[in-house]
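Structural description and commentary
Letter by letter, the chains look like this.
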Amino acid sequence: MGQVLGLVQVDQSTVAIKETFGKFSEVLEPGCHFLPWCIGQQISGYLSLRVRQLDVRCETKTKDNVFVTVVASVQYRALADKASDAFYKLSNTREQIQSYVFDVIRATVPKLDLDDAFEQKNDIAKAVEEELEKAMSAYGYEIVQTLIVDIEPDDRVKRAMNEINAAARMRVAASEKAEAEKILQIKKAEGEAESKYLAGVGIARQRQAIVDGLRDSVLAFSENVPGTTAKDIMDMVLVTQYFDTMKEIGASSKSSSVFIPHGPGAVKDVAAQIRDGLLQANPQ
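What you are looking at is a predicted structure, and each value in this text was computed from that prediction instead of being measured. (Residues numbered from 1 in each chain as written. Predicted model: local features only at pLDDT ≥ 70, side-chain atom pairs only at ≥ 80, totals over all residues. Heavy atoms only, no water.)

Regarding the overall build of the protein chain
- Along its length, the protein chain carries 8 helices and 8 strands.
- Sequence-distant contacts, at least 24 apart, represent 64% of the contacts inside the protein chain between residues at least 6 apart.
- Carbon and sulfur atoms provide 54% of the accessible area of the protein chain, an area that totals close to 19600 Å². (Helix = DSSP H or I, 4+ residues; strand = E, 2+ residues; numbered from the N terminus. Contact = heavy atoms within 4.5 Å. Areas by Shrake-Rupley, 256 points an atom, 1.4 Å probe, with all protein chains shown as cover.)

Side note on the sheet that holds strand 8 (residues 141-153)
- With respect to topology, 3 strands assemble into an open sheet ordered 6-7-8, the strand pairing being antiparallel. With partners counted over all chains shown, the strands left at the sheet margins are strand 6 (52-61) and strand 8, one partner each. The sheet shows a mean angle of 20° between the axes of neighbouring strands, direction not considered.
- Where strand 7 (residues 67-78) and strand 8 come together, 11 bridges link them in antiparallel fashion. Bridge pairing links Tyr-76 to Ile-143 in strand 8.
- Sheet strands in contact with helix 3 (residues 93-108) are strand 6, strand 7 and strand 8, and its direction is about 35° off that of strand 6.
- Running over the sheet, helix 5 (residues 121-136) touches strand 7 and strand 8 and is turned about 145° from strand 8. (Pairing = 2+ DSSP bridges. Axes fitted to C-alpha atoms, helices over the stretch in contact; angles between N-to-C directions.)

Right under this line is the structure:
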């Protein structure tokens with residue numbers, strides 16, 4: 001009924017191209033319009049003003065001779081004030097944009113090594129956007145945003161890159177492990193040195209205590225038993241220590257067997273040997 005009466009509805013975010021007897025007349029904005037068909041007025045077509053997206057996959061080669069597939073995402077829209085240019089000048093907008101993207105990517109990526117291409121994705125996207133903006137503005141289109149969403153090397157190159165990365169991480173881990181072991185060895189050596197030092201201090205104090213105890217024993221025995229000499233007292237102390245030692249060896253179930261002379265005459269020999277050793281070590 002609307003077509004019979006010459007009424008045309010243009011939806012929101014859309015413009016219509018009006019022609020009179022096949023010639024462009026004007027751009028109709030959203031709303032209801034009267035087009036009397038009897039005088040040759042008609043709608044040639046509609047043009048959406050919404051932002052559209054085009055994903056472009058472009059295969060190219062980097063400077064270090066690695067073939068990669070670059071995926072670019074271009075967001076664009078037609079300009080309302082240039083709707084006639086966008087409608088009449090381009091027969092296939094998507095193919096035109098794709099051609100410009102191919103041209104820029106294949107001119108930019110071959111100048112970069114593979115690692116640089118990953119690092120300079122934003123620069124590649126900016127170059128594509130600038131070239132598209134200059135080219136497409138003449139056709140009534142605006143480039144809203146251009147993104148390089150992915151750079152895909154060959155599968156073998158990916159595996160090689162992963163192996164290089166894994167080897168580098170293993171090298172760092174080995175270095176850290178060696179450094180940790182070095183620190184453990186140093187701390188262990190420091191602990192052993194400190195332990196031996198403290199053990200030496202303990203042995204020195206033990207010997208000093210033994211010497212002090214023997215001296216006190218000799219002095220006390222000499223005072224309580226008149227007529228005894230220091231030699232007699234030392235012999236008796238040595239024999240007493242000898243029997244204490246034998247007792248301790250026999251009382252321990254896990255001790256090794258030690259065979260030494262233990263007769264009455266042998267005790268005297270042991271005392272004499274100990275005494276002679278002390279006298280030789282400390283000559284008068």
